[in-house]
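Structural overview
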Amino acid sequence: MTPPPTLQDLITTVQTDAASDEALAQLSVAATTAAELEDVSDSLLSHFVDRCRKAGHSWTEISAALGVSKQAAHKRFTPGALQLDRLTDRARNLLENSVAQAGRLGHNYVGTEHVLLALFADPESLAARVLADAGVTQEMAEAEILKHELPGGIPHSNVVPFTPRAAALVTGAISEALQMGHNYVGTEHILLALFLDSDAVAANVLAALGIERDAAWAKIVEILSGFKKA
């Protein structure tokens, strides 16, 4: 097993990044570093918990592997425990709109395909700009989605549940944000997260439309670089 960074390794990193011997400056960098480490560890556990759930393991087995109670594991890693506070307003609106997209198609659940359709709702969002640059429209995406055999049915209540795959998008988006060095989760990170589960409807639709993750990533970086220059 690869050893994690030692305390001295982290102290050295903080001192280097602070580029100052002033104690408060180093404390500020240390606080940011500690928060980033916590974010990464949370995303790491969430990733492998999600894999265990997809592999059919029970919460009893998962909690035993984590060394915590079943209740603690379930509370921390179920969709309701996802860290939605990291989402930008546009990302929150995106998730809300995905519910509307599901209702528009007469579906009683929210899947990755509905999240994909919701990306088009705000043309000024980074994700929508990436899709537009690739020449993809909402009509094109919806046509591909409807090629899949999807369960229908009108909800019996106002609560439309997210599928496990759709709920996992937030965790995936957090991971994508961390990889890009961002301390927030925007629509662009949710777009990138759609590529993570190759068996999901959204990932298949994006592939059918000729959109690749690396190209989307590069376009996001390009747009963000333009913001910085401006």
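Residues numbered from 1 in each chain as written. Predicted model: local features only at pLDDT ≥ 70, side-chain atom pairs only at ≥ 80, totals over all residues. Heavy atoms only, no water.

1. Examining helix α5 (residues 89-104)
Here α5 spans 22 Å end to end across 16 residues, near enough to the 22 Å set by a 1.5 Å rise per residue. Within α5 the residues assigned to the buried category are Ala91, Leu94, Leu95, Ser98, Gln101 and Ala102. Buried residues of α5, seen end-on, are gathered within an arc of 110° and therefore sit on one face of the element. Turned more than 90 degrees from where α5 packs its buried face, Asp89 and Glu96 sit exposed. Lining the buried residues of α5 we find α6 (112-118), α8 (138-145), α9 (164-179) and α10 (187-193). (Helix = DSSP H or I, 4+ residues; strand = E, 2+ residues; numbered from the N terminus. Expected span 1.5 Å × (residues − 1). Buried < 20%, exposed > 50% of the residue type's maximum accessible area, 1.4 Å probe, protein only. Arc of directions from axis to C-beta. Contact = heavy atoms within 4.5 Å.)

2. As for the environment of Ala72
Here Ala72 lies in helix α4 (residues 70-77). Owing to a relative accessible area of 33%, Ala72 belongs among the partly exposed residues under this scheme. Sequence separation between Ala72 and Trp59 is 13 residues; the distance between their C-alpha atoms is 9.9 Å.

3. Notes on the pattern of salt bridges
If you walk through the whole model with that rule in mind, you get eight salt bridges. As a salt-bridge pair, Arg90 and Asp122 come within 2.5 Å of each other at their nearest N and O atoms. A residue pair is termed long-range when its members are at least 10 positions apart, and Arg90 in helix α5 and Asp122 in the loop between α6 and α7 (126-133) qualify at 32 residues. Residue classification places Arg90 among the partly exposed residues on the basis of a relative accessible area of 41%. With relative accessibility at 27%, the residue Asp122 sits in the partly exposed group. The residue Glu176 makes a salt bridge to Arg213 at a minimum N-O spacing of 2.6 Å. (Salt bridge = Lys/Arg side-chain N within 4 Å of Asp/Glu carboxyl O.)

The quantities given are spatial measurements derived from coordinates; they are silent on function.
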